[in-house]
Amino acid sequence: MSVLDCHSTSTIVWIRNLFLVVGCFFSGFAPANANSSHESVPLTPIHVQLNWHHQYQFGGFYAALQQGYYRQAGLDVHLHHFQAEKNVLAEVLEGRAQFGIGYSTTIADYIKGAPIQLVLASFQHSPMVLLTHEPIGDLSELIGKTGMYSDSMQVLSLLNKATKQKKDSIQKRYANTNLNEFVSKNVDFYGAYITNEPFQLQELGVPYHIIDPKLYGVNSAEDLVFTTKAFANANPAIVAAFREATIKGWQFAIENPDTVIDFMLAHYSVPKSRRALFYEAKALTSYVSVGTRPIGVVEPARLKDTALELKEIGLINQAQFDAFEPERFMGMTKGKVSLSASELDYLAKNPTIKLANDIDWAPFEFIDEDGNYQGLTADYFKIFEQKLGVRFIPEKQRSWSEVLKLASEGKLTMFSSGATRTPERQKYMHFTDPYLSFPMVLVAKNDVNYIDDFQQLNGENVAVIRGYFAHEHFQNYFPNVNLVVVDSVREGLTAVMTGKALAYAENLGAANYAIRQYGFTGLSFVGESNQRFELAIGVHQSEPILFSIMQKALASVSEDEKRVIYDRWIHIELIKRLDKKQLWELSGYAFSIIALLFITLLVYRYQRNRFQHYINQINELNFASKIELATEKVVWVSQSYAALRGCEVGDLIGQRYTEFASDRVSQEAIQAIKQQLIAGKTWIGEVEGKRCNGEHYWVKLTLTPEKNWLGKITHVWATRVDITDKKRIEVLSNTDELTKLYNRHYFNKTLPSLQQQYQGSGKHLCLASIDIDYFKLINDTYGHLVGDRVLQQVADYLKACCTEEGAMAFRLGGEEFMLVAFVADVDDFYQQLERLRQQILAAKIENRDAPLGYLSISIGACCWPDGQPSDWDALYRQVDDLLYQAKQSGRNQLVLTN
């Protein structure tokens, strides 16, 4: 990042360019601009403002230029190097650049109102570090020293941690961030990229020590590429093309540094030697590409964690942090859909997705007279577009049989949600959970008797639509039925009316809609199969990420949204009809008044059954079950809930409802819920459940009391929304990756709610701030891998302290931990902490350069009576002051207060 003696490099660049010009002269053509294109199609000019001088920090951009990725995307890209008088954010907002590269503090700019949108992150982790002349064992040793650094979040966070005990100032000198100031020892520490300045210091023979923010829990993405909201909204294709080309550039730059460095030195004034560029290129690889995480992607949870750190250092306030929605910063409005990094990356690379849909299957999906995609399915996809920020392009010309063939060949990757799972389709498609279910029915003329068994159709003509579920079902299970294959619902109903077929097999909803829509008279539903049309989204097996996205999108549709769509399109008038002949025979043997009463009862029963049929469909959508309140036993469960549990319906009937909950749900919580239900109040909350195979899952549970005709509460209806995926994402965002303890983000979020949960219990809230003594010496002496194992060992000891309910362990960053417990006996808690200190010392984990020669910890702890603390910042400062006292007293100490 700094500029040291550039003259020799500039001379090399001048000579290289001279040879290029001379070579071009003798070969008969002019030197090509790095962005020039021989294509006749005009390129869109794009200006990118860098946040530093030309170096391999921007290798992906140079590679995309050199390899022509930008030109292939129709872009004429120009890179503008850093100038002290230029502000990257201002350059973009004022239109002089379409894209800018900013530090992680760009997130604070957005949160405070800058109308910008994240495009990608060049680095998954920030290379920013502090360089010092002397080894630093504790951050507080920076107090009173002079530093030269930019206002990056990583540096500001380290300095905030250093000064939280003592508010002595740290003197700051800018001086154009010149590394010579550090070399000359005019400053005590210097903000640098680990990929850059350390090599320069090695070349100069200047000793240095590194303070890595990641070891102190400060870990964010860096070099955030952003644009304005207005530009992104007006030019989504350009933004997507620029992003994809840049990511391809980074992939090339990682694997081919020689080629990219040649290009950089030939076309730009690079203030570094070739050797320095190679060092930087090699060092940057681990920052650009990390594990299986796609290049350029940053998860919403990491952005939220970064925002939390920005709040900690005072760049944003609590209200701004609470209002921050990372998905909006990423330009994606996803409602309640929580997507992984790879899923977000997929959507960014695929802003339009083609559908394999039916053009003539009302009310589910059809193309209307104006060429618009309409129907129940189309309404669902309009919601998906809003939640996912992409466009779904329906098929408007091809018949269903043609679409089906293309899908089977992999040329269309996604069935719309009007698709039905069949054995043949499952060979090449994965299907989401069904969102709606209808029975297969038979439509015939009014004089046809009710058909109880489809075997009665052997030898008869039955109309089915080509390639539909009914077509495949009859072919596989009723081979003796003569099939009249048609191409539309209307054609199937017409076949019945004209006598070509005795009956037409169709989805209840589609058949009922067509009869009403086209004005068919004299037709009735004369049979119902136990097979159902399970409407789901089908995704080709070659697209597992898209399948996961659609499963989550479908699950995020609210019950209110589903009901609005259902009521708009589905109006079922009749489900079953009594045989007229049977009804006539019955009425002939009864008195007229008895017949009238009987018919009245039938009508009442039909209306009740129809209503119950609708309710059952809703219950299936909601994973419903019914519980007898007095015994807490299950008396009814839906098929969908049984499937969610991984059990048969019969296995669940008669079980106590509490047996379904995870062991982590306390009996006190269960009894509190029951008391609320007895009082006639609905209970809503998130609950962890247990499948029949022992696996855990999460649901948003609604328990609704039901009264009998006397007004007494006898039963409870339980309905659910499966939030297992959401909880998995939360676990990832709330857990420290190395130690598997809870992280700082979760500590800040959960402490107030924990106190509220235990309020009135009579228990004390106890906090213990724990720090590993001389931990930096372990990293310096044995390396970071050993340091990581030590952190994991200490974490295991802390986990062993959390066997009681209400006890939790957190890693707040680096070697700093926190224990939270709600206890009846404060002395027991303090004794447990003393045992913890002694156990770790007795473990004799080697730290040979420390005074004791072994690993030790310092602890500051405090307990408050029930309901006492309310100012959480003051509470944290108090326990942290006690830790500071323990360290000042020689470390390996436990300092307490009541």
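Along every chain, residues carry numbers that run from 1 in the direction the sequence is written. Per-residue local features are limited, in this predicted model, to residues with pLDDT of at least 70; the limit for side-chain atom pairs, both in listing and counting, is 80 or more; totals at the level of whole chains, interfaces and linings are taken over all residues. Derived side-chain values reflect all non-hydrogen atoms in the structure, with water molecules and hydrogen atoms excluded from consideration.

1. Some details on the overall build of the protein chain
Logical step 1: By definition, any uninterrupted DSSP run of H or I lasting at least four residues is a helix, any uninterrupted run of E lasting at least two residues is a strand, and each is numbered from the N terminus. Helix and strand counts for the protein chain stand at 34 helices and 33 strands.
Logical step 2: Only protein chains enter the calculation, and the probe is 1.4 Å; a residue is then buried if its accessible area is under 20% of its type maximum, exposed if over 50%, and partly exposed in between. Each of the 898 residues in the protein chain was classed as buried or not, and the buried ones make up 51%.
Logical step 3: Residue pairs at least 24 apart in sequence account for 73% of intrachain contacts in the protein chain once pairs closer than 6 positions are excluded. In this analysis, two residues are considered to be in contact whenever any of their non-hydrogen atoms come within 4.5 Å of each other.

2. Points about the nonpolar core
Logical step 1: As used in this record, nonpolar core signifies buried Ala, Val, Leu, Ile, Met, Phe, Trp, Tyr and Cys residues forming a set joined through side-chain atoms within 4.5 Å. Ranked by size, the top nonpolar core spans 100 residues in total, and within it Phe-384, Leu-388, Phe-392, Met-414, Phe-415, Leu-493 and Met-550 carry the most contacts.
Logical step 2: Per element, the largest residue contribution to this core is seven residues, and it comes from helix H17 (residues 376-388).
Logical step 3: Contact partners of Phe-415, with chain neighbours within four places excluded, come to Ala-356, Trp-400, Leu-404, Ala-407, Arg-425, Tyr-428, Met-429, Phe-431, Ile-537 and Gly-538.

3. Regarding the sheet that holds strand S33 (residues 894-897)
Logical step 1: Strand order in this open sheet of six strands is S28-S30-S31-S29-S32-S33, and the pairing throughout is mixed. Strands at the two margins of the open sheet, each flanked by one partner only, are strand S28 (742-743) and S33.
Logical step 2: Two strands are said to pair when DSSP picks up at least two bridges between them. Relative to strand S32 (residues 857-864), strand S29 (residues 764-772) runs antiparallel, the two being bridged by eight bridges. Paired with Leu-767 across the bridge in S32 is Cys-862.
Logical step 3: To get an axis, a line is fitted to the C-alpha atoms, and for a helix only the part in contact is used. The angle between two axes follows their N-to-C directions and goes from 0 to 180 degrees. Along the sheet face, helix H34 (residues 872-888) touches S29, strand S30 (808-813), strand S31 (816-823), S32 and S33 and points at about 140° away from the line of S32.

4. Comments concerning the confidence of the model for the protein chain
Logical step 1: Across the protein chain, the average pLDDT comes to 81, with 84% of residues at or above 70.
Logical step 2: Note: pLDDT gives the predictor's confidence per residue, expressed from 0 to 100. With pLDDT under 50 throughout, residues 572-584 is counted as low confidence; its partners more than four residues away or in other chains account for 29 contacts.

5. Considerations on helix H28 (residues 667-678)
Logical step 1: An expected span of 1.5 Å times one less than the residue number is assigned to each helix. If you check H28, its first and last C-alpha atoms are 16 Å apart, about what 12 residues at 1.5 Å a residue would give, namely 16 Å.
Logical step 2: Of all the positions in H28, only Ile-670, Ile-673, Lys-674 and Leu-677 are classed as buried. For H28, the arc enclosing every buried residue in end-on projection is 100°, short of the 170-degree limit, so these residues lie on one face.
Logical step 3: Looking at the buried positions of H28, the neighbouring elements they touch are strand S25 (683-690), strand S26 (696-707) and strand S27 (713-722).
Logical step 4: In the segment just after H28, Gly-680 is the residue with positive phi, at about 85°. Throughout, the arc means that of the directions going from the helix axis to the C-beta atoms.

6. Regarding helix H32 (residues 784-800)
Logical step 1: The end-to-end C-alpha distance of H32 is 25 Å, a good match for the 24 Å that 17 residues give at a rise of 1.5 Å each.
Logical step 2: Here H32 has its buried residues at Gly-787, Val-790, Leu-791, Val-794, Ala-795 and Leu-798. All buried residues of H32 lie within an arc of 140° about the axis, which places them on one face of the element. For H32, the exposed residues set more than 90 degrees away from the buried face come down to Leu-785 and Ala-800.
Logical step 3: Along its buried surface, H32 packs onto S29, helix H31 (775-782), S30, S31 and helix H33 (826-842).

7. Examining the sheet that holds S25
Logical step 1: In spatial order, the strands read S24-S23-S27-S26-S25; together these five strands make up an open sheet with antiparallel pairing. Each edge of the open sheet is held by one strand with a lone partner, namely strand S24 (633-637) and S25. Averaged over all adjacent pairs, the angle separating strand axes in this sheet is 35°, with direction ignored.

8. Things to note about the state of the cysteines
Logical step 1: Put simply, a disulfide is two cysteine sulfurs that come within 2.5 Å. As enumerated under the stated definition, the model contains two disulfides in all.
Logical step 2: One disulfide in the model links Cys-647 with Cys-692; its S-S distance is 1.3 Å. Where Cys-647 bonds to Cys-692 through sulfur, the torsion about that S-S bond is close to 95°, and the disulfide is right-handed. Taken together, the residues span a long stretch of sequence, with Cys-647 in the loop between helix H26 (639-645) and helix H27 (649-652) and Cys-692 in the loop between S25 and S26 at a distance of 45 residues.
Logical step 3: Of the residues examined, Cys-692 reaches a relative accessible area of 42% and is grouped as partly exposed.
Logical step 4: Here Cys-766 is linked by a disulfide to Cys-863, with a sulfur-sulfur distance of 2.0 Å. Because the sign of the S-S torsion sets the handedness, a value of about 115° for the bond joining Cys-766 and Cys-863 places this disulfide among the right-handed ones. Taken together, the positions of Cys-766 in strand S29 and Cys-863 in strand S32 put the pair 97 residues apart, joining distant regions of the chain. Assigned by exposure class, Cys-766 and Cys-863 land together as buried.

9. Structural notes on the environment of Leu-523
Logical step 1: With respect to the helices and strands, the residue Leu-523 is situated in strand S22 (residues 523-540).
Logical step 2: With relative accessibility at 13%, the residue Leu-523 sits in the buried group.
Logical step 3: Measuring from C-alpha to C-alpha, the distance between Leu-523 and Asn-446 comes to 5.4 Å, with 77 residues separating the pair along the chain.
Logical step 4: Excluding anything up to four places from it in sequence, Leu-523 contacts Val-443, Ala-444, Lys-445, Asn-446, Leu-493, Val-496 and Met-497.

10. Details of the environment of Asp-322
Logical step 1: Looking at the secondary structure, you find Asp-322 in helix H14 (residues 318-323).
Logical step 2: Only 2.8 Å separates the side chain of Asp-322 from the side chain of Gln-318, close enough to count as a polar contact. Side-chain atoms alone can form a polar contact between residues adjacent in sequence; in general such a contact is a pair of N or O atoms within 3.5 Å, and within protein one must be able to donate a hydrogen while the other accepts it.

11. Regarding the side chain of Asn-779
Logical step 1: Counting through the fold element by element, Asn-779 comes out in helix H31.
Logical step 2: Apart from residues no more than four positions distant in its own chain, Asn-779 is found in contact with Leu-215, His-784 and Gly-787.

12. Section: the pattern of salt bridges
Logical step 1: By convention in these notes, a salt bridge is any Lys or Arg side-chain nitrogen within 4 Å of a carboxyl oxygen on Asp or Glu. Taken as a whole and assessed by the stated rule, the structure comprises 22 salt bridges.
Logical step 2: Residue Glu-203 pairs with Arg-275 through a salt bridge whose shortest N-O separation is 3.1 Å. One end of the pair, Glu-203, is in helix H8 (residues 197-204); the other, Arg-275, is in helix H12 (residues 274-288), and 72 residues separate them in sequence.
Logical step 3: Salt bridges sharing partners connect three or more residues here, namely Glu-91, Glu-94 and Arg-96.

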